[in-house]
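Observations on the model geometry
Each chain is listed here by its residues.
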Amino acid sequence: MANYDVNDIVEVKKREHRRRRRKKFFMLLVLATIIGGMYYYRGKWLPKLQGIGEKYQTIVNDGELAKGNFPIEISGGNSYQMEYSKSALYVLSDAYLYIYKEDGTLIEKRQHGYSNAVMKTNDGKALIYECGGNKFRLESLRKNIYVKNTTNTVIFARLSDNGSVAVVTSSDKYSCELSVYDVSGTFIYGRECIDRLIDVSFNSDSSGAVLSFVSADNGSVITTSEKVSFNANETQWKSQPFETFCLSTSINPDGAVVLGDTKCAYYNNKGEIGASYSYDGKLAGCDSNGQQIATILNDDDRRKYQLMIIKNSKSEPFVIPFDEELRDVHIYDGLVYVMSKTKIDTYDFEGKLRSSADISDSYTRFVRSDKYVFLLGYDKIDRIDYES
């Protein structure tokens, strides 16, 4: 049997105790260094961490209706039109153009005198034309810029970012005629069209546009688009035929987007179709901005209601199902806002729900501004705060 000296045993225990204390001190020192470093560099990592939390957090807005000057009552029922541009609301009734501040304060009231009037707004200006008549006018926040008459009947008109106006009229010899005017009302471009011109999408500096035409081919409706410059006679590119009836065209640096009644497509800068997508349901609304696309599809027979969003020509669509009818959709500041019968939801282009608000089912359309959502009912306009 081994003999142990008591002093040796005591010394061993002391050494073990010192070793544990040194280990604990070292671990505390490392931890303190890590915490100190995180605190010192908090300006770099904390915003990123907070951004992650904010990015995936769904904001629930209360949907409470604004008081004071709201609701804005509209005479004449649901034939009115409303657009938002440069912090002002432009409301067109059957007889008047009303311009309001965001708080509902009336700025201007002007009589237009057009039957079957249509309004387009952009950059604080409003284009009003008489569909089926021969008049159009350009309005700013405080004054009328000009009024013009056309020889032939106005079919439709478009307004660019800088105030240029494209007017498509009927023609005795052609399907239609296109006339383009600058912001002062000076004629700058004209064209006689063999096929039916259905949309005009200006480029960013209003020096040209993409024109979309519809025609028939072997019993099918097809859309073809052309990119033109207002300073040249030659067409820059002409697209391949696309079997759909074009509803709207959106130009972008990489080409153009065509939204049809049965499918949509991306054109490149040679007019070639880079990608196309068919709809699974009846199109109830659509919007595009640059390469971003949003469509709402309703199928009452199958009780199937869907939002389809596409980020760009290289992305696959996100299809988001809903339990109720979808009524309106808009792209605003890189997000998709969709109205169903009882809600307004906001999605990013990764398909994630960003925000939501409950609303009454009495509204059929909406308009988004930086701070608010304006709800359009039969004869009134309401406003709710909306954070997204």
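Residues numbered from 1 in each chain as written. Predicted model: local features only at pLDDT ≥ 70, side-chain atom pairs only at ≥ 80, totals over all residues. Heavy atoms only, no water.

1. Quick look at the overall build of the protein
To keep things clear, this is the line we draw: Only DSSP runs of H or I reaching four residues or more are called helices, and only runs of E reaching two or more are called strands; each is numbered from the N terminus. Type-normalised accessible area, obtained with a 1.4 Å probe on protein chains alone, sets the label of each residue: buried when under 20%, exposed when over 50%, and partly exposed for intermediate values. Whether two residues are in contact is decided by their heavy atoms: any pair within 4.5 Å suffices. Working definition of accessibility: Shrake-Rupley area with a 1.4 Å probe, residue cover restricted to the visible protein chains.
Secondary structure summary: the protein contains two helices and 33 strands in total. Looking at the protein residue by residue over its 388 residues, the buried ones come to 45%. Pairs at least 24 apart in sequence give 40% of the contacts found in the protein among residues at least 6 apart. Counting only carbon and sulfur atoms, one obtains 48% of the accessible surface of the protein, whose full area is about 21,000 Å².

2. Overview of the environment of Val329
For Val329, the position within the fold is in strand β27 (residues 326-332). Since its relative accessible area comes to 2%, Val329 is described here as buried. Between the alpha carbons of Val329 and Ile296 there is a distance of 6.9 Å; along the sequence they are 33 residues apart. Apart from residues no more than four positions distant in its own chain, Val329 is found in contact with Gly285, Cys286, Asp287, Ala294, Ile296, Leu307, Val336, Tyr337, Val338 and Phe366.

3. Regarding the sheet that holds strand β12 (residues 165-169)
Formally: Strand pairing is assigned whenever DSSP detects at least two bridges linking the two strands. Note on geometry: axes are C-alpha line fits, over the in-contact stretch for helices, and angles between N-to-C directions span 0 to 180 degrees.
What the four strands build is an open sheet, ordered β11-β12-β13-β14; its pairing is antiparallel. Each edge of the sheet is formed by a strand with only one pairing partner; in this case those strands are β11 (154-159) and β14 (187-193). Going from strand to strand, the sheet's axes swing by 15° on average, the running direction of each strand aside.

4. A look at the confidence of the model for the protein
The following threshold applies: Scored from 0 to 100, pLDDT records how confident the predictor is in each individual residue.
Across the protein, pLDDT averages 89, with 88% of residues at or above 70. Element-level mean pLDDT values for the protein span from 51 in helix α2 (residues 42-55) up to 98 in β12.

5. Digging into the layout of surface pockets
We count it as follows: Lining residues are those with an atom within 4 Å of a point, where the points come from a 1 Å grid over the protein atoms alone and group into cavities, where a 1.4 Å probe fits but cannot get out, or pockets, open sets with protein on both sides within 12 Å along at least five of seven lines. Grid points are joined across faces, edges and corners, and a volume is the space filled by probe spheres set on the points. Here the nonpolar group is Ala, Val, Leu, Ile, Met, Phe, Trp, Tyr, Cys and Pro; Asp, Glu, Lys and Arg are the charged ones; every other residue, Gly included, is treated as polar.
Here the largest pocket defines a volume of roughly 1,900 Å³. Residue lining of the largest pocket: 46 residues in total, with Glu83, Thr121, Asn122, Asp287 and Ser288 positioned closest to the centre. Residue assignment for the lining of the largest pocket shows that the elements contributing at least two residues are β3 (81-85), β7 (117-122), β11, β15 (196-202), β19 (246-252), β23 (282-289), β27 and β31 (365-368). Partitioned by chemical class, the residues of the lining of the largest pocket number 18 nonpolar, 15 polar and 13 charged.

6. Here we look at the packing of aromatic side chains
Note the threshold: Here a pair means two rings of Phe, Tyr or Trp (six-membered ring of Trp) with centres within 6.5 Å. Their orientation is stacked below 30 degrees between planes, edge-to-face above 60, and tilted elsewhere.
Counted according to the given criterion, the structure contains 13 aromatic pairs. Measuring from ring centre to ring centre gives 6.2 Å for Phe136 and Tyr146, while their planes differ by 90°; the resulting arrangement is edge-to-face. Here Phe136, found in strand β9 (residues 135-139), pairs with Tyr146, found in strand β10 (residues 144-149); they are ten residues apart in sequence, far enough to count as distant. Given the relative accessible area of 7%, Tyr146 is considered buried.

7. Let's talk about the sheet that holds β15
Pairing between the strands of a sheet is mediated by backbone hydrogen bonds and can be parallel or antiparallel. Strand order in the open sheet formed by four strands is β15-β16-β17-β18, and the pairing between neighbours is antiparallel. The open sheet terminates on both sides in strands that have one partner only, identified here as β15 and β18 (235-238). With strand direction ignored, the average angle separating the axes of adjacent strands in the sheet is 25°. Alignment of β15 against strand β16 (residues 208-217), held across six bridges, turns out to be antiparallel. Bridge pairing in β16 places Val200 opposite Leu211.

8. Some words on the pairing of β9
Counting buried positions along β9 gives four out of five residues, so the element sits mostly inside the fold. As defined by bridge partners, strand β8 (residues 125-130) adjoins β9 across four bridges and the pair is classed as antiparallel. Counterpart to Ile128 in the pairing with β9 is Arg137. The loop that links β8 with its antiparallel partner β9 comprises four residues; one of these, Gly132, has a positive phi angle of about 90°. Strand direction decides the pairing type here: β9 and β10, joined by five bridges, are antiparallel. When the bridges of β10 are listed, Lys135 appears paired with Asn149. Counting the residues that bridge the hairpin from β9 to β10 gives four residues.

9. Details of the nonpolar core
Spelled out, the test is: Here, nonpolar core refers to any group of buried Ala, Val, Leu, Ile, Met, Phe, Trp, Tyr and Cys residues whose side-chain atoms link them within 4.5 Å.
Core analysis: the biggest nonpolar cluster contains 28 residues, and Leu178, Leu197 and Val200 have the highest contact counts within it. Looking at this core, the elements that each hand over two or more residues are β8, β9, β11, β12, β13 (176-181), β14, β15 and β16. Here Val200 is in contact with Phe156, Arg158, Ala166, Val168, Leu178, Ala209, Val210 and Leu211, once residues within four sequence places are set aside. Listed in part, the 16 residues of the second largest apolar core include Phe70, Ile72, Ile74 and Val91.

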